[in-house]
Structure formats: C-alpha cells, structure tokens
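Tertiary structure, described
Spelled out, the chains give:
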Amino acid sequence: KMLMAGLQCCAFLVKDQTGLLQRCHSAQASYLFQQDKFYDIRYDTGDKSIQCSRKSDAFKFWLMWKAIGTQGLEERVNRALALARYLTEEVKKREGFQLLMEPEYANVCFWYIPPSLRNMPEGPDFWKRLREVAPVIKERMMKKGSMMVGYQPHRRFVNFFRHIIISPQVSREDIDFVLQEIEALGRDL
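Criteria and thresholds
- Residues numbered from 1 in each chain as written.
- Predicted model: local features only at pLDDT ≥ 70, side-chain atom pairs only at ≥ 80, totals over all residues.
- Heavy atoms only, no water.
- Pairing = 2+ DSSP bridges.
- Helix = DSSP H or I, 4+ residues; strand = E, 2+ residues; numbered from the N terminus.
- Axes fitted to C-alpha atoms, helices over the stretch in contact; angles between N-to-C directions.
- Contact = heavy atoms within 4.5 Å.
- Phe/Tyr/Trp six-rings, centres within 6.5 Å; stacked < 30°, edge-to-face > 60°.
- Core = buried A, V, L, I, M, F, W, Y, C linked by side-chain atoms within 4.5 Å.
- Buried < 20%, exposed > 50% of the residue type's maximum accessible area, 1.4 Å probe, protein only.
- Salt bridge = Lys/Arg side-chain N within 4 Å of Asp/Glu carboxyl O.

The antiparallel open sheet is built from four strands, whose spatial order is E1-E2-E4-E3. The strands lining the two open edges of the sheet, one partner per strand, are strand E1 (97–99) and strand E3 (150–154). Here the average twist between neighbouring strands, direction ignored, is 45°. Pairing analysis gives three bridges linking E1 to strand E2 (residues 107–112), with the strands arranged antiparallel. Following the sheet pairing, Gln98 is matched in E2 by Trp111. Strands in contact with helix H3 (residues 124–131) are E2 and strand E4 (157–164); relative to E4, the strand with the most contacts, it is inclined by about 40°. Contacts from helix H4 (residues 133–144) reach E2, E3 and E4, with the element oriented near 40° to E4.

The following block contains the structure:
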C-alpha cells in the first residue's frame, strides 16, 4: 500500500503448511482444476489463492519497481511518513484539534473540537456531543465534494478522524487544506 502498488500486486504470505489457503479460498471449480493431470496436483496454486491463477500480477509490481527503482520506492514511503509527521505537528498546534495518540506510522488520528465544546469539561455530555462531530463534518464534506476523510470510533474513543497518508502526490498545502476544511465545515457545531 505504501508503495502505491495496485491491489493485485500484493502478496499474502503465511507459514502455515496445513492447507489453510486452500481451505479458505478453494472454489473446487472442476472445470479449472482437473484432478487427472499427469503431474502432482498439490503444486497447482490456483485453488489456493484469493484470485485463482493471477500469478502474472507480480509482473505489475516488478514493472513499477523497474520504473521507479528501489530508491524511488523508498522515497515514496519516507515522504508519506514525513507528511504524517507534519500533519501530527499541525494538529498539535491548531486550536480546536486534538491528537488522539502519537502516530506509529502514517495513520494520524485526531478530533476536531468545535468552539461550542472547547470550554466544556470532558465528561459524559462532552463525549456524547463530540461523538457526533466527525460524522456531521464527513457528511458536509461529501455533499460539498471537497474531500473525503474517514472517521471511526475505537474502543473507548468516540468518533475521530483517521487520516492516512500514502500518496506521493500529497503536499503540505493539501494537509493544510484538509485541516482548514474540517474547521470550516465544523465550526458551527
């Protein structure tokens, strides 16, 4: 994902040797996987994979790697992580934004706290009202067509924005726009 490879370029590797993948993904399509082949059919990987015999998908990743190079792929990841750090610092310094926790990777989780809640004590009523903020802002941004940023609750945390930075095209200006747009769409809540 961080390399911006297509979904079909991904690999799912397991140590299991008990036939787990075949039990999970096998469609037992007799028209595809005949049992009377001249070779040992245990080596047929098609009925053990998510998308049957899409082995050629790895070629897409190889082409991307050849075009961009190892350093180019590394730069993509490093850029995304640097932008996640930038977003984290912006959230920390902007009034009305509160970081949920220090990010461990490129996912930055935060709340937008509208002016009506900023002086309210963090009790049950505060959390009940804050829970509704992200869904309303998300609805507004989608209806406006300005952007899409996901939100979610997690365990004891009420709905918060979860911004994941992976695209090499994202800029600091884009990050600033996201925060400004969230504030503009939610300041009246």
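From this point, the narrative continues.
Turning to the packing of aromatic side chains, a few remarks are in order. Under the defined criterion, the tally for this structure stands at six aromatic pairs. Among the aromatic residues, those joined into a ring-pair cluster are Phe97, Phe110, Tyr112 and Phe161.

Counting residues in each nonpolar core, the largest one holds 38 residues, and the members touching the most others are Phe161 and Ile182. Counting residues per element, this core draws most heavily on helix H2 (residues 57–93), at eight residues. Beyond its immediate stretch of four places on either side in the chain, Phe161 contacts Val108, Cys109, Phe110, Tyr112, Ala134, Ile137, Met141, Val149, Gly150, Tyr151 and Ile182.

Another point: the pattern of salt bridges. Tallied over the entire structure, the rule returns ten salt bridges. A salt bridge links Glu90 to Arg94, with the nearest nitrogen and oxygen atoms 3.2 Å apart. What makes Arg94 buried here is its relative accessible area of 18%. Among the salt bridges present, the one from Arg131 reaches Glu132, with a minimum N-O distance of 3.3 Å. By relative accessible area, Arg131 is classed as partly exposed at 36%. Glu132 gets classed as partly exposed once you look at its relative accessible area, which sits at 42%.

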